[in-house]
Structures are given as structure tokens and as C-alpha cells.
Amino acid sequence: MQPLIYHNPNCGTSRNTLAMIEASGETPEIVEYVDNPPSRERLLWLLEQMGMTPRDLLRRKGTPYDELGLADPTLTDEQLIEAMQAHPILINRPIVVTAKGVRLCRPSERVLDLLATPVAAFTKTDGEVVTYTKGEV
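Presented here is a report on the structure given in the accompanying data block. These figures come from a predicted structure and were not determined experimentally.

Our focus in this paragraph is helix 1 (residues 12–23). Counted at 1.5 Å a residue, the expected span for helix 1 with its 12 residues is 16 Å, and the 16 Å between its end C-alpha atoms agrees. Taken together, the buried positions of helix 1 are S14, N16, T17, L18, M20 and I21. Contacts made by the buried residues of helix 1 are with strand 1 (4–7), strand 2 (29–32), strand 3 (95–98), strand 5 (121–123) and strand 6 (129–131). Among the residues trailing helix 1, G25 stands out with phi positive, at a value near 85 degrees.

So, in C-alpha cells, the structure goes:
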């Protein structure tokens, strides 16, 4: 299975995750989800696979989270899903799907356990060096 990344090229974590996938010798399918958001059904599937609630997946920074009042604890999962569908930037990223599973890759090195042949060492754009030992991410 070809890896798939829900990617935002404006996000450093997303760019690092994509670079780690490529450095591991894989060519992922890239979905720039802000312009091409997952369907409601796909979003629900992603949440289920990651064991997350809609609230867990909400991104606050650089989004209309506060303006939409999404911190309100009385909002239902359905209301949060509707907000993410209307404003895909609210979906935290990057989400990676591989044959090994589905994961929100924050920090970016969380992707390494999902890859068939993960790169042993990687330097992120900020200069941080990530070394990989199976199961330690």
C-alpha cells in the first residue's frame, strides 16, 4: 500500500513528515486537505482508526477555532465534524495512512513506525536530528 499523507505545505511538521516518508524510499499520495478535505465518512474513518475524538483532532493555532467558539464543551462530536468540514484548516495535521496504520504525526517522527523501511536518521528543517529505533517513537 502506498502511504497517504493529509498534508499542508504551509506547516513545518507536515513538511518534515513528508520528507521523512520520502527519505525512507516511499512515494506517498499527497492530499492537500485544506483544498481537498476528506469527506465526512472518511474523516470519521480516520478518527476511528486513530482512536481519537473530533475534539482531539481540532487544531487551534492559525484557525477560526476561537471565533467559532469551539472550546465550548457542550458542542457535540457532530457539530465539531461539521466545523471541520466547513473549515478544513481545523483538522490537525499531518495524518498519515499506511498498511501499518493511521496516525496524527505530531511530532513528525511519529511517522517512522508506520513505514516499511524507515530512515535511520533524519535532520528536520529546524536542525533537530531524529534517530530511529523501531518502537521508540
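This part is about the side chain of S14. On the secondary structure map, S14 appears in helix 1. Looking at S14, the relative accessible area reads 0%, which means it is buried. Discounting residues that sit within four places of it in the chain, S14 has contacts with I5, Y6, H7, N8, R93 and P94.

As a further point, take the state of the cysteines. Inspection of the entire model under this criterion finds 0 disulfides. Between C11, a cysteine without a disulfide, and C105, which holds the nearest cysteine sulfur, the sulfur-to-sulfur distance is 11 Å.

Successive side chains on a regular strand alternate, one facing one side of the sheet and the next facing the other. Sheet topology note: the strand 1/strand 2 ladder contains 4 bridges and is parallel. Each residue of the ladder has a partner; that of I5, found in strand 2, is I30.

This part is about the sheet that holds strand 3. In space, the 4 strands of this open sheet follow the order 2-1-3-4, with mixed pairing throughout. Single-partner strands in this sheet number two, and they are strand 2 and strand 4 (101–104). Adjacent strand axes in the sheet meet at a mean angle of 15 degrees, parallel and antiparallel pairs treated alike. Running at roughly 160 degrees to strand 1, helix 1 makes contact with strand 1, strand 2 and strand 3 of the sheet. Helix-sheet contacts for helix 2 (residues 40–50) involve strand 1, strand 3 and strand 4, and the interaxial angle to strand 4 is about 95 degrees.

In terms of nonpolar packing, the biggest core is built from 23 residues, with Y6, M50, L57 and I95 touching the most fellow members. Going through the elements one at a time, strand 1, helix 2, helix 4 (77–86), strand 3 and strand 4 are the ones with two or more residues in this core. Leave out the neighbours within four places in its chain, and I95 touches L4, I5, Y6, L46, M50, L57, V102, R103 and L104. L18, C105, L112 and L114 belong to the second largest nonpolar core, which has 14 residues in total.

Applying the stated criterion across every chain, the model contains 4 salt bridges. D113 serves as the salt-bridge partner of R103, at 4.0 Å between the closest nitrogen and oxygen. With R103 in strand 4 and D113 in the loop between strand 4 and strand 5, this pair connects stretches of sequence that are 10 residues apart. Across the pair K124 and E128 runs a salt bridge, and its minimum N-O distance is 3.4 Å. Residue classification places K124 among the buried residues on the basis of a relative accessible area of 9%. Here E128 falls in the partly exposed class, since its relative accessible area comes to 37%.

The rules behind each value
- Residues numbered from 1 in each chain as written.
- Predicted model: local features only at pLDDT ≥ 70, side-chain atom pairs only at ≥ 80, totals over all residues.
- Heavy atoms only, no water.
- Helix = DSSP H or I, 4+ residues; strand = E, 2+ residues; numbered from the N terminus.
- Expected span 1.5 Å × (residues − 1).
- Buried < 20%, exposed > 50% of the residue type's maximum accessible area, 1.4 Å probe, protein only.
- Contact = heavy atoms within 4.5 Å.
- Disulfide = S-S within 2.5 Å.
- Pairing = 2+ DSSP bridges.
- Axes fitted to C-alpha atoms, helices over the stretch in contact; angles between N-to-C directions.
- Core = buried A, V, L, I, M, F, W, Y, C linked by side-chain atoms within 4.5 Å.
- Salt bridge = Lys/Arg side-chain N within 4 Å of Asp/Glu carboxyl O.

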